[in-house]
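Structural overview
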Amino acid sequence: MLRDITIGQYYPADSVVHKLDPRVKLMAALVYIISLFTFRGAAGFILVSVFLVFMIRLSKVPFSYMVKGLKAIVILMVITAAFNLFLTPGEEVLVHFGVFTITMEGVKNAAFMLVRLIYLIVGTSIMTLTTTPNQLTDGLEKALMPLSKIKVPVHAIAMMMSIALRFIPILIEETDIIMKAQMARGADFENGNLIRRAKSMVPLLVPLFVSAFRRADDLAMAMEARCYVGGSGRTKMKPLRYTKKDYMAYLVLIVYFAGIILLRIFV
């Protein structure tokens, strides 16, 4: 399960998406998330699906690798679908038992919410899989730079994001090591019901938190030892500059979002 988490991981490949400016990919992810909760009906679903398939093919990241990230949120998907299925009122009642009622509107809402959640994970994973943490940090800092005029610590926010993304795969690997060490001593994390398996995960928290705090303290000491001072005045080894393909990507993004808005209004 832990190996299936793809958040914060980078998949190297020679694709157009990998070569795009990180600011373009950040904006594309934001527009894509907004479009997921804007479209309605079959026409909007088809447009979003075509756009997602197009981006997956263009990124050259295996679809099976992206789908692995869904395994980590199966429980969240089931809970979301169940809430929409049983708690959505409607006129056309399909099933009624006890205090639970399943309506046609509930079925539609559950299906659409499940599709939106799946598309959300797969679509946003394209950004993290095709962009290194350093590129994401530089892109976020550059995109938010106008906020520095009103004293917003843009560089600190971008640095925290970069460190958080770097720590995700490290903590996943650390958790896997701790689990294997405890399983070698007789711990059981696979058998039993959901509550028992949740309780068996509690002994992992103490060594995991100790390891995380130790790594954070080591990182802070290393930054202080090197006299690190973020903010204005620092230069970039690879400064961000827009190219022709970045402007083409913005154009495609504008056309896609305009199509979503038009379908929302007229369909």
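These remarks concern the structure in this document. (Residues numbered from 1 in each chain as written. Predicted model: local features only at pLDDT ≥ 70, side-chain atom pairs only at ≥ 80, totals over all residues. Heavy atoms only, no water.)

Describing the nonpolar core
Condition: Take the buried Ala, Val, Leu, Ile, Met, Phe, Trp, Tyr and Cys residues and link them wherever side-chain atoms come within 4.5 Å; each set so joined is a nonpolar core. Residue exposure (1.4 Å probe, protein chains only): buried if accessible area is under 20% of the type maximum, exposed if over 50%, otherwise partly exposed. Helix and strand definitions follow DSSP, with helices as H or I runs of at least four residues and strands as E runs of at least two, each counted in order from the N terminus. Pairs of residues are marked as contacts when any of their non-hydrogen atoms sit within 4.5 Å.
Residues Tyr32, Leu36, Val48, Leu52, Met66, Ile126 and Tyr256 are the most contacted members of the largest nonpolar core, which totals 25 residues. Listing elements by their share of this core, those giving two or more residues are helix 2 (22-36), helix 3 (41-59), helix 4 (63-67), helix 6 (104-129) and helix 11 (244-266). The element best represented in this core is helix 6, accounting for six residues. Setting aside anything within four residues of it in sequence, one finds Val48 in contact with Tyr32, Leu36, Phe39, Tyr119, Tyr256 and Ile260.

What to know about the environment of Gly41
Tracing the backbone shows Gly41 in helix 3. Take Gly41: its relative accessible area is 32%, and that puts it in the partly exposed class. C-alpha separation for the pair Gly41 and Val267, spaced 226 residues apart in sequence, amounts to 7.7 Å.

Notes on the packing of helix 2 against helix 7 (residues 133-143)
We count it as follows: Helix axes are fitted to C-alpha atoms over the stretch in contact, other axes to C-alpha atoms as well, and angles between N-to-C directions run from 0 to 180 degrees. Angles below 35 degrees are treated as roughly parallel, those above 145 as roughly antiparallel, those between 65 and 115 as roughly perpendicular, and all remaining angles as oblique. Three residue categories are used. Nonpolar comprises Ala, Val, Leu, Ile, Met, Phe, Trp, Tyr, Cys and Pro, charged comprises Asp, Glu, Lys and Arg, and polar comprises the others, including Gly.
For the pair helix 2 and helix 7, interaxial distance at closest approach is 8 Å and the crossing angle is 75°. Considered as vectors, helix 2 and helix 7 are oriented roughly perpendicular to each other. From helix 2, Pro22, Arg23 and Leu26 reach across to helix 7, where they touch Gln135, Leu136, Gly139, Leu140, Lys142 and Ala143. Considering only residue class, the contact of helix 2 with helix 7 consists of five nonpolar, two polar and two charged.

Description of the packing of helix 5 (residues 74-86) against helix 6
Operational definition: Handedness of a crossing follows from how the near helix is turned relative to the far one, being left-handed for an anticlockwise turn of less than a right angle and right-handed for a clockwise one.
Two elements in contact, helix 5 and helix 6, have axes whose closest approach is 7 Å; the angle formed by their N-to-C orientations is 155°. For the element pair helix 5 / helix 6, the angle class is roughly antiparallel. Two packed elements cross with a definite hand, and for helix 5 against helix 6 that hand is right-handed. Touching Met77, Thr80, Ala81, Asn84 and Leu85 of helix 5 are Gly106, Val107, Asn109, Ala110, Met113, Leu114, Leu117 and Ile118, all from helix 6. Classifying every residue of the contact of helix 5 with helix 6 gives nine nonpolar, four polar and no charged.

Side note on a nonpolar patch on the surface
Test applied: A residue counts toward a patch only above 30% relative accessible area and without a salt bridge, and it is joined to like-charged neighbours within 9 Å or, for Val, Leu, Ile, Met, Phe, Trp and Tyr, to nonpolar neighbours within 5 Å. To measure how exposed things are, a 1.4 Å probe is used in the Shrake-Rupley method; for residues, cover is taken only from the protein chains shown. Whenever a carboxyl oxygen of Asp or Glu lies within 4 Å of a side-chain nitrogen of Lys or Arg, that contact is scored as a salt bridge.
Nonpolar side chains collect at one region of the surface, where Leu94, Val95, Phe97, Val99, Phe100 and Val107 lie side by side and expose about 530 Å² of accessible area between them. Here Phe97 is to be found in strand 1 (residues 93-97).

Quick word on the environment of Phe97
Taking relative accessible area as the criterion, Phe97 reaches 39% and is therefore assigned partly exposed. Distance from Phe97 to Ile34, taken between C-alpha atoms, is 36 Å for residues 63 residues apart in sequence. If we skip the residues at most four places from it in the chain, Phe97 touches Phe86 and Ile102.

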